[in-house]
Structure formats: structure tokens, C-alpha cells
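Fold and contact review
In case you want the letters, here they are:
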Amino acid sequence: MKRCLLCLSLLLAVVCASAAGYLLPLDGHRQYSVAMTIRGTQLSGLCLVRVSDEGYRGSIVNEFGIHALDFTLSPDRQRVRMYNLLPAMNRWYIKRVLRRDFRLLFSATHAGAHKGRRTVSLGDDGTVVLTNDRYQLRYELKELHETAE
């Protein structure tokens, strides 16, 4: 009986953990304003994310319509792949840092989540901010809501 109760409580804990809400919801099509600050240089624009067969597909485009990068997320948001990066960002070591940052950013379930020198926080206006202290990177994402005309 104790063994059965232990198994049931463990199963309940796993189900509750997997059903936890993410800071950045990705159901359907989502649009976020994004600002990436890299050692004083800022890239701002839009982050467009949609559901696909493999999980989620996303793209970041700057304010002038110049394509910065594409990424895919697995359904559990633990695997990130980068595609079509700007030539200045298309280096293996930059892709590795971006993958790890995006994994934490999109899989964070609560403000204050951290891994190593990366910390996710939530602003007063609903902005999700990831700060990477090691490489002096800062990502700010805020959901854009469509207005009805």
C-alpha cells in the first residue's frame, strides 16, 4: 500500500510539473517585441513564433525587416536549433550561447529561474527578461496584442 501511494504521489508531482505554465506562452501564433542587448549594442524587432509539426518555429526580424535568425523548439522546449543567422552571428560559439539562452528563456516557468549565470525575471509591464552575466547579454520579450479595428 505504501509503495502504491508513493508511486501515485510521484506520478502526481510529475504531472503537475509538466502542466506548469510558462512565462512565454506559445500556443497558436504569437508575436513578441524583442530587444537583444549585446555589450551595449542593441538589436530590436519582432519575434514571431508558431506551432509546427516538430514543436515550435520562430523567427526574429529587426525593425527594418532584416532577418536576424530562425529557431526551432522541441515540444518540451528543451531542444533549440538555430538557422539562417546573420553572417556576423553565424559562428558555432555564438550559436551555442544563443541556444542555451533561448532554452532557458522559453522553458522558464517562474520569475527568478536561473541556470549558472543566466537569470530570468519578469518586469512590471509583463516583459520577460533573461540576463546572461557571463557574456553581458540581455534579452527582453514582451507579447504584442492585436488591436481590433
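Per-chain numbering applies: the sequence of each chain, read as written, is numbered from 1 onward. Predicted model: local features are reported for residues with pLDDT of at least 70 only, side-chain atom pairs are reported and counted for 80 or more only, and whole-chain, interface and lining totals are derived from all residues. Just so you know, side-chain values use all the structure's heavy atoms and leave hydrogens and water out.

Observations concerning the overall build of the protein chain
Per the convention used, a helix needs a DSSP run of H or I reaching at least four residues, while a strand needs a run of E reaching at least two, with both numbered from the N terminus. Looking only at helices and strands, the protein chain has two helices and nine strands in total. Counted from the first residue to the last, the protein chain has its helices and strands arranged as α-β-β-β-β-β-α-β-β-β-β. Type-normalised accessible area, obtained with a 1.4 Å probe on protein chains alone, sets the label of each residue: buried when under 20%, exposed when over 50%, and partly exposed for intermediate values. Within the span of the protein chain, comprising 149 residues, buried residues form 34% of the whole. Between two residues, a contact is recorded if the distance between any of their heavy atoms is within 4.5 Å. Nonlocal contacts in the protein chain, meaning residues at least 24 apart in sequence, comprise 35% of its contacts between residues at least 6 apart. Just so you have it, the protein chain exposes about 9,900 Å², and 55% of that area is on carbon and sulfur atoms. Using a 1.4 Å probe, the Shrake-Rupley method yields the accessible areas, and only the shown protein chains count as cover for residues.

Concerning the pattern of salt bridges
Side chains bearing opposite charge may pair, as long as their charged atoms lie close to each other. The rule for a salt bridge is simple: a side-chain nitrogen of Lys or Arg has to be within 4 Å of a carboxyl oxygen of Asp or Glu. The final tally for this structure, using the stated rule, is five salt bridges. Measuring nitrogen to oxygen at the nearest pair gives 2.4 Å for the salt bridge that ties R30 to E143. Pair noted here: R30 is in strand 1 (residues 29–38) and E143 is in strand 9 (residues 137–143), with a separation of 113 residues, a long-range link. K142 is the salt-bridge partner of D125, the closest N and O atoms lying 3.7 Å from each other. With D125 in the loop between strand 7 (118–122) and strand 8 (128–132) and K142 in strand 9, this pair connects stretches of sequence that are 17 residues apart. Put simply, D27, R30 and E143 are held in one network by salt bridges that share partners.

Brief notes about the pairing of strand 4 (residues 67–73)
Extensive coverage of strand 4 is indicated by the burial of six of its seven residues. As judged from the six bridges shared by strand 3 (residues 55–62) and strand 4, these two strands associate in the antiparallel manner. Within strand 4, the position partnered with I60 by the bridge is L69. At least two bridges found by DSSP between two strands is the condition for calling them paired. Taking the residues between adjacent antiparallel strands as the criterion, strand 3 and strand 4 are bridged by four residues, where G65 takes a positive phi near 90°. Where strand 4 meets strand 5 (residues 80–83), four bridges bridge the pair, whose relative direction is antiparallel. Within strand 5, the position partnered with D70 by the bridge is Y83.

Function-wise, these values are silent; they only describe arrangement.
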